[in-house]
Amino acid sequence: MGKSDVDLQRGLLETSPHLNDLNLKLQGRNHMVSDLMGNINGFRSMLRIFKVCLENNDLAHFPICQQLTEQFKDDEPLDFSEFCVNTEDIIDEFNTRFEEFEMLKSRIELFNDPLCVDIENQQADVQPELRHLQAGPFLQTRQEKEPDFIKLLSKNRFQNLRDFGQKMTSMFGSTYICESVLSTMKFIKNRNRSRLTDFSLFHLLRLATAELYLHRHTRFGQCC
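Bear in mind the structure is a predicted one, so any value in this text is a computation, not a measurement.

Asker: Mind showing me how you'd approach the overall build of the protein here?
Answerer: In terms of helices and strands, the protein carries 12 helices and 0 strands. Its helices and strands in sequence order give the protein the pattern α-α-α-α-α-α-α-α-α-α-α-α, from N to C terminus. Counting the 224 residues in the protein, one finds 29% classified as buried. Sequence-distant contacts, at least 24 apart, represent 59% of the contacts inside the protein between residues at least 6 apart. Total accessible area on the protein stands at roughly 15,800 Å², and carbon and sulfur atoms take up 53% of it.

Encoded structure:
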C-alpha cells in the first residue's frame, strides 16, 4: 500500500468526530425519546449529504481530505468518490438499527406538539380528545412542551392523552439510567457492607437513580 493509499484511508476519519458528537448527545439524563429520534435522524441526514458530496468529489465537509488534496496537488488528482461505499454502509447500518423509528414517528409528533399534529394520522383512542384539545382556546397560548404540557391536561377530559404522555415520558431517551445503575450498584455493594438483601438493593438503586421534586409549598409533615 502506497503513501497515497494510506493518506486516502485517513479520509475515513472525517466521520469519526461526527460519530463522537452523536455519542455525546445520546448520553446524559433527562433525554426524551423525541430527543433521541431527533439526534439520530439529524445524523442520518448528514450522512446522506456526505454521500452526495463524495459522489461529486466535493470536499466542503471534509477538511482532512482538502488537506490531502493540497498535499498531493502536484501529483495525480485524488478521487474520494470511492468512499461513497463506506458512507453507504454506515447509512444502511443506521437504517437497520433504527427502523422502528418510522413506527414511532406519528406518536413522537403527537408528543412534541399535540396542538398542531394531524388528527387523522393518530390512533383512534386519542382522536376525540385531540379534537377537543385543538379546538379549545385556553391551551393554544401555552408555551410548555412535551411532559410539561401533558401535565396541564385535565384528567377527566384528556385521560387517554395523559396516559399516552406518561408512556412516552417513561421511554428511555438515552442509556444514562442503565449505565448509572451499574456504577451505583457497584458503590452500594462494597466490601464494607456485610448484609444486603435483594429487597434493600432494589430500593437503594431506585432512590439513587430517581429524581424527586417537591413543590415549595409542600411541608414535611404533609409528606409523611
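Asker: What exactly am I supposed to notice about the environment of Ile188 here?
Answerer: Position of Ile188 relative to the elements: it lies in helix 10 (residues 176–188). Residue contacts for Ile188: discarding those within four places in its chain leaves Arg193, Leu196, Leu201, Leu204 and Leu205.

Asker: Help me understand the side chain of Thr87 in this model?
Answerer: With respect to the helices and strands, the residue Thr87 is situated in helix 5 (residues 84–97). A residue is classified by how much of its surface remains accessible, and Thr87, at 6% relative accessible area, is buried. The residues touching Thr87, leaving out its near neighbours within four places in the chain, are Leu47, Phe50, Lys51 and Leu54.

Asker: Honestly, the pattern of salt bridges in this entry has me stumped. Any pointers?
Answerer: Pairing between side chains becomes possible if they bear opposite charge and their charged atoms approach one another. All chains considered together, the criterion is met by 5 salt bridges. Among the salt bridges present, the one from Lys51 reaches Glu55, with a minimum N-O distance of 2.6 Å. Of this pair, Lys51 and Glu55 both sit in helix 3 (residues 33–55), separated by 4 residues, roughly a single helical turn. The salt bridge involving Arg97 is made with Glu93; its shortest N-O contact spans 2.7 Å. With Arg97 and Glu93 both in helix 5 and 4 residues apart, the pair spans about one turn of that helix. By relative accessible area, Glu93 is classed as partly exposed at 38%. A network of salt bridges, in which partner residues are shared, links Lys51, Glu55 and Glu88.

Asker: What should I look at first to understand the side chain of Ser34 in this one?
Answerer: Relative to the helices and strands, Ser34 is located in helix 3. Look past the residues within four positions of Ser34 in its chain and what remains in contact with it is Ile108, Phe111, Asn112 and Glu146.

Asker: Help me understand the packing of helix 6 (residues 101–112) against helix 9 (residues 159–170), please; the structure alone is not making it clear to me.
Answerer: The relative placement of two packed helices is expressed as an angle between their axes plus a distance between the axes. Contact pair helix 6 / helix 9: the axes reach a minimum separation of 10 Å and the direction vectors enclose 110 degrees. The orientation of helix 6 with respect to helix 9, classified from their angle, is roughly perpendicular. On the side of helix 6, the interface is formed by Arg107, Ile108, Leu110 and Phe111, while helix 9 contributes Leu161, Phe164, Gly165, Met168 and Thr169. A breakdown of the residues in the contact of helix 6 with helix 9 according to their chemical character gives 6 nonpolar, 2 polar and 1 charged.

Asker: Quick question: what am I supposed to make of the packing of aromatic side chains here?
Answerer: A ring pair, where both rings are aromatic, is described by two values, the distance of the centres and the angle of the planes. For the structure shown, the criterion picks out 3 aromatic pairs. Ring centres of Phe111 and Phe164 lie 6.5 Å apart, and the angle between their planes is 75 degrees; this geometry places the pair in the edge-to-face category. Of this pair, Phe111 sits in helix 6 while Phe164 sits in helix 9, and the two are 53 residues apart along the sequence. Through a chain of ring-to-ring contacts, three or more aromatic side chains come together here, namely Phe43, Phe94 and Phe98.

How each quantity is defined
- Residues numbered from 1 in each chain as written.
- Predicted model: local features only at pLDDT ≥ 70, side-chain atom pairs only at ≥ 80, totals over all residues.
- Heavy atoms only, no water.
- Helix = DSSP H or I, 4+ residues; strand = E, 2+ residues; numbered from the N terminus.
- Buried < 20%, exposed > 50% of the residue type's maximum accessible area, 1.4 Å probe, protein only.
- Contact = heavy atoms within 4.5 Å.
- Areas by Shrake-Rupley, 256 points an atom, 1.4 Å probe, with all protein chains shown as cover.
- Salt bridge = Lys/Arg side-chain N within 4 Å of Asp/Glu carboxyl O.
- Axes fitted to C-alpha atoms, helices over the stretch in contact; angles between N-to-C directions.
- Parallel < 35°, antiparallel > 145°, perpendicular 65-115°, else oblique.
- Nonpolar A, V, L, I, M, F, W, Y, C, P; charged D, E, K, R; others polar.
- Phe/Tyr/Trp six-rings, centres within 6.5 Å; stacked < 30°, edge-to-face > 60°.

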